Every structure is written in structure tokens, then in C-alpha cells.
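Next come the chains, spelled out residue by residue.
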Amino acid sequence: MLPTLRQLQYLKLLAEHGSFSRAAEAAHVSQPALSAGVQELEKILGAPVVERTRGAVILTAVGAEAVKRAEDVLARTEDLVEAARNAGKPLSGRFRLGVIPTVAPFLLPRTMPGLRDRYPGLRLFLREDLTPRLISALKAGQLDAAVIALPYDAPGIDHARIGDDEILAAVPAGHALDGAGPIPEGLLKSEDLILLEDGHCLRDQALAAVKIEAPRGEDVFAATTLPTLVQMVSSGLGVSFLPNMAVKAGLADQPGVVMRPIAENAPHREIVVAWRAGSSRAAEARLLAEALKLD
């Protein structure tokens, strides 16, 4: 015997909610029905998948591995259903798209109207989040595609190019680096920098490009968003990095902020649409990348 999709779904929901009652509610079944489904799954696997305690539900090693594999099976099954429903109608129906925060507010407002005109049957569900969580959601089948920035190491993920986005330096007016043209190599120092908080790929990509380590210490400022970062630069707190798409959108049009190229060979990030390798919606993700192309 093989596990049923329903049993795998029960286990996945149990792992997500950590409770039989909440998992049953999410599955729209009674708690006894969900419990019976999990018990039947354990019989088929020949091992317990959860440890039942009064306070919580804890996955066993077998259960954790089963959840990992169940997520892939369920994601591929959902792909199959969606592909069958929209056969011959590319980019129609539900499409779940993730976008990183350093791209979403600058790319989406410019491209969404044209995308809706080109694909009127598309129902786009957007999720803004950091790259690691978007990649995890892709692999778990919670997203169909995601707009991320490379370089980023993500095995099991394919991608299609949207375009390049130069990384620029934002300098406070009157700072020693205030001026015109590219910043000479070696002048940009770690102690000059204020950055996005750890987890934003733009932070890591910019630091890698200029070969500088992130500033350290308890008093180091870390912004959660680019607008906050620009405000801090405008206040004279330090130098930072901005993507060119944000500068073009007017984010740096504030008193006291001077934009400069970082080097003659300007560092950049590659913006792509990424999807889980083997996804049946890969062709649609490629179409989406074409529709979102940078100028």
C-alpha cells in the first residue's frame, strides 16, 4: 500500500500547526478523522510519524522526512491540477509570486498594468519576503515563482533573467566621499557603512562586490527597509548601497543624499524569476520574466 494524498496533506498540516485540532480545522475535517488518517499513514510507513504529548505534537525523525517528501509530492500534484485547468492558456488562473523587498516596490508598479493587459485571465497572488524564505516556499510548493536577485546559491531552483540592476553608493552631502564619478577603490571603509539588516541579499551582494566586511558592534545601525536607510543617509549617519531601480523610482531624491557609482566596473545584481526545478509552471514563469523585463 502507498500513502494517499489526503494522508500526506494531514501530516503536512500537522507539522505546520503543531496540533491535531488546528490541523483538522485547516483540513476542514473532524479531529478524529485527521487522527485516523495519520494513524493509517503510520501503519503504511511502519513507524510513528509523531510523538503525541499533552502539550504539543512533535515529529519523529521518520515524520520529519515524510513531511519533507510530502511537501514535494503535494506541490507537484497541485502543479498538475493547475496545469490541466489552464492547458493552452498560459499565465491564466491562480499564480503565486514571491518578490524580495528591494525589488517589489520599484518593479511591480511599473510592470503590473501591462501584465494585466497581456494576460487578463491571470490571478496574481503576491508575497513580499526575504530570499531564503521565498526559496523555501518555492521548494514547499507554496509559491509558483519568485523574483529574486543573483548571485544566490539555491540548488534545485531554475531561473529566467529579467535584467541587471546596478548597485550604487548613497553618500551624505558633505561626507568625505561626497563628489562626482566612481568612488576610487579603497576609499570606501567598513566604518562608513550603514546597511540593511542581515538577511537582505542586497546587503551581502554589495559587500561582496566591494570586498568589505559588514561593520560589527552593538551600536551598528541596521535598517529593515530601503526608505529607512535613505533617511539615515540623509541624516548624515553614514554611507549605504541602493539598487539603481530604486534610484530611478525616486527613492534617493531627498536633501542631503548624493548618489555615486561604486567603481568603474560597476557592481550589479541580476534580477530573475525563479521556480522549483521540474515545476509544470516553468514555461509560465519564463513568460512572466519576459513581461517583467527591465528597460
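Residues numbered from 1 in each chain as written. Predicted model: local features only at pLDDT ≥ 70, side-chain atom pairs only at ≥ 80, totals over all residues. Heavy atoms only, no water.

Engineer: Even after reading the chapter, I still don't get the pattern of salt bridges, so can you show me in this structure?
Structural biologist: Close approach of charged atoms allows side chains of opposite charge to pair. Following the criterion strictly, the structure yields 11 salt bridges and no others. Salt-bridge contacts for Glu 65 lead to Arg 69; the nearest nitrogen and oxygen are separated by 2.7 Å. Residue Glu 65 and its partner Arg 69 are located together in helix H4 (residues 61-85), separated by four residues, close to a single helical turn. One salt bridge in this structure joins Arg 161 and Asp 164, with 3.1 Å as the shortest N-O distance. Under the relative-accessibility criterion, Arg 161 is labelled partly exposed at 38%. Residue classification places Asp 164 among the partly exposed residues on the basis of a relative accessible area of 38%. Salt bridges here are not isolated pairs; linked through shared partners, they connect Arg 96, Asp 144, Arg 281 and Glu 284. (Salt bridge = Lys/Arg side-chain N within 4 Å of Asp/Glu carboxyl O. Helix = DSSP H or I, 4+ residues; strand = E, 2+ residues; numbered from the N terminus. Buried < 20%, exposed > 50% of the residue type's maximum accessible area, 1.4 Å probe, protein only.)

Engineer: Explain the layout of surface pockets here, please?
Structural biologist: To find leftover empty space, a probe the size of one water molecule is rolled over the atoms. By volume, the largest pocket amounts to about 370 Å³. The wall of the largest pocket is formed by 15 residues, among which Gln 9, Leu 74, Thr 77, Glu 78 and Val 81 lie closest to the centre. In terms of residue count, H4 provides more of the lining of the largest pocket than any other element does, six residues in total. Considered class by class, the residues forming the lining of the largest pocket number six nonpolar, two polar and seven charged. (1 Å grid on protein atoms, 1.4 Å probe; cavity = no way out; pocket = protein on both sides within 12 Å on 5 of 7 lines; lining within 4 Å. Points joined across faces, edges and corners; volume = space filled by probe spheres on them. Nonpolar A, V, L, I, M, F, W, Y, C, P; charged D, E, K, R; others polar.)

Engineer: Mind showing me how you'd approach the packing of helix H1 (residues 5-17) against helix H3 (residues 31-45) here?
Structural biologist: Pairs of packed helices are described in terms of their axes, by the angle between the two and the distance that separates them. Orientation of H1 relative to H3, taken along the N-to-C sense of each, is 110°, at an axis distance of 9 Å. By the angle between their directions, the pair H1 and H3 is classed as roughly perpendicular. Across from Gln 7, Leu 8, Tyr 10, Leu 11 and Leu 14 in H1, the residues of H3 making contact are Ala 33, Leu 34, Gly 37, Val 38, Glu 40, Leu 41 and Ile 44. Each residue belonging to the contact of H1 with H3 can be placed in one class, and the counts come to nine nonpolar, two polar and one charged. (Axes fitted to C-alpha atoms, helices over the stretch in contact; angles between N-to-C directions. Parallel < 35°, antiparallel > 145°, perpendicular 65-115°, else oblique. Contact = heavy atoms within 4.5 Å.)

Engineer: Would you mind going over the packing of H1 against helix H2 (residues 20-27) with me for this structure?
Structural biologist: Running from N to C, H1 and H2 cross one another at 130°; their axes reach a closest spacing of 8 Å. The pairing of H1 with H2 is recorded here as oblique in orientation. As H1 packs across H2, the resulting crossing turns out to be right-handed. Between H1 and H2, the residues in contact are Arg 6, Tyr 10, Leu 13, Leu 14 and His 17 and Phe 20, Arg 22, Ala 23, Ala 26 and Ala 27, respectively. (Left-handed = near helix turned anticlockwise from the far one by under 90°.)

Engineer: How should I be thinking about the side chain of Arg 260 in this particular structure?
Structural biologist: Within the secondary structure, Arg 260 is located in strand S10 (residues 257-261). Despite its burial, Arg 260 remains without a salt bridge, the nearest opposite charge being carried by Asp 178 at 6.5 Å. Within polar-contact distance, the side chain of Arg 260 engages the backbone oxygen of Gly 181 at 2.9 Å. A polar contact of 3.1 Å, which involves the side chain of Arg 260, links it to the backbone oxygen of Pro 182. Arg 260 has contacts with Leu 168, Ala 169, Leu 177, Asp 178, Gly 179, Ala 180, Gly 181, Pro 182, Ile 183 and Pro 184, leaving out every residue within four places of it along the chain. (Lys, Arg positive; Asp, Glu negative; His and termini not counted. Polar contact = N/O pair within 3.5 Å; in protein donor to acceptor, adjacent residues only side chain to side chain.)

Engineer: Got a minute to help me understand empty space enclosed by the protein in this structure?
Structural biologist: Considering all chains together, one arrives at one cavity of 30 Å³ or more under this definition. Approximately 40 Å³ is the volume found for the largest cavity. For the largest cavity, the full set of lining residues is Leu 195, Leu 196, Leu 202, Arg 203, Leu 226, Leu 229, Ser 240 and Phe 241. Of all the elements in the fold, those that place two or more residues in the lining of the largest cavity are strand S7 (195-196), helix H7 (201-210), helix H8 (226-234) and strand S9 (240-243). The class makeup of the residues in the lining of the largest cavity is six nonpolar, one polar and one charged.

Engineer: Got a minute to help me understand the environment of Pro 48 in this structure?
Structural biologist: Of note, Pro 48 is situated in the loop between H3 and strand S1 (50-52). In this structure the C-alpha to C-alpha distance between Pro 48 and Lys 12, which are 36 residues apart in sequence, comes to 15 Å. When near neighbours in sequence (up to four residues on either side) are disregarded, Pro 48 contacts Glu 42, Thr 60, Val 62 and Gly 63.

Engineer: Any chance you could explain the pairing of strand S4 (residues 122-128) here in plain terms?
Structural biologist: Moving residue by residue along a regular strand, the side chains alternate between the two faces of the sheet. Here seven bridges tie strand S3 (residues 93-99) to S4, and the two strands are oriented parallel to one another. Bridged to Val 99 within S4 is Glu 128. As for the winding sense of the linkage, the β-α-β connection from S3 through helix H5 (residues 104-118) to S4 is right-handed. (Pairing = 2+ DSSP bridges. Right-handed = clockwise from strand over helix to strand, strands pointing away.)

Engineer: Is there a simple way to explain the nonpolar core in this structure?
Structural biologist: One broad rule of soluble globular proteins: the nonpolar side chains tend to lie buried together. Formed by 75 residues in total, the largest nonpolar core has its most connected members in Val 147, Ile 148, Leu 226, Phe 241 and Val 273. At eight residues, strand S6 (residues 157-172) tops the list of elements feeding residues into this core. Not counting residues up to four positions away in its chain, the partners in contact with Ile 148 are Ile 100, Thr 131, Leu 134, Ile 135, Glu 270, Ile 271, Val 272 and Ala 274. Core analysis: the next-biggest nonpolar cluster, separate from the first, contains 18 residues, Leu 8, Ala 24, Ala 27 and Val 49 among them. (Core = buried A, V, L, I, M, F, W, Y, C linked by side-chain atoms within 4.5 Å.)

Engineer: Looking at this structure, I do not really get the pairing of S9. What am I missing?
Structural biologist: Burial of the side chains of S9 extends over both faces: Ser 240 and Leu 242 are buried on one face and Phe 241 and Pro 243 on the other. Both S6 and S9 contribute to a ladder of four bridges, which runs antiparallel. Note that in S9 the partner of Ala 170 across the bridge is Ser 240.

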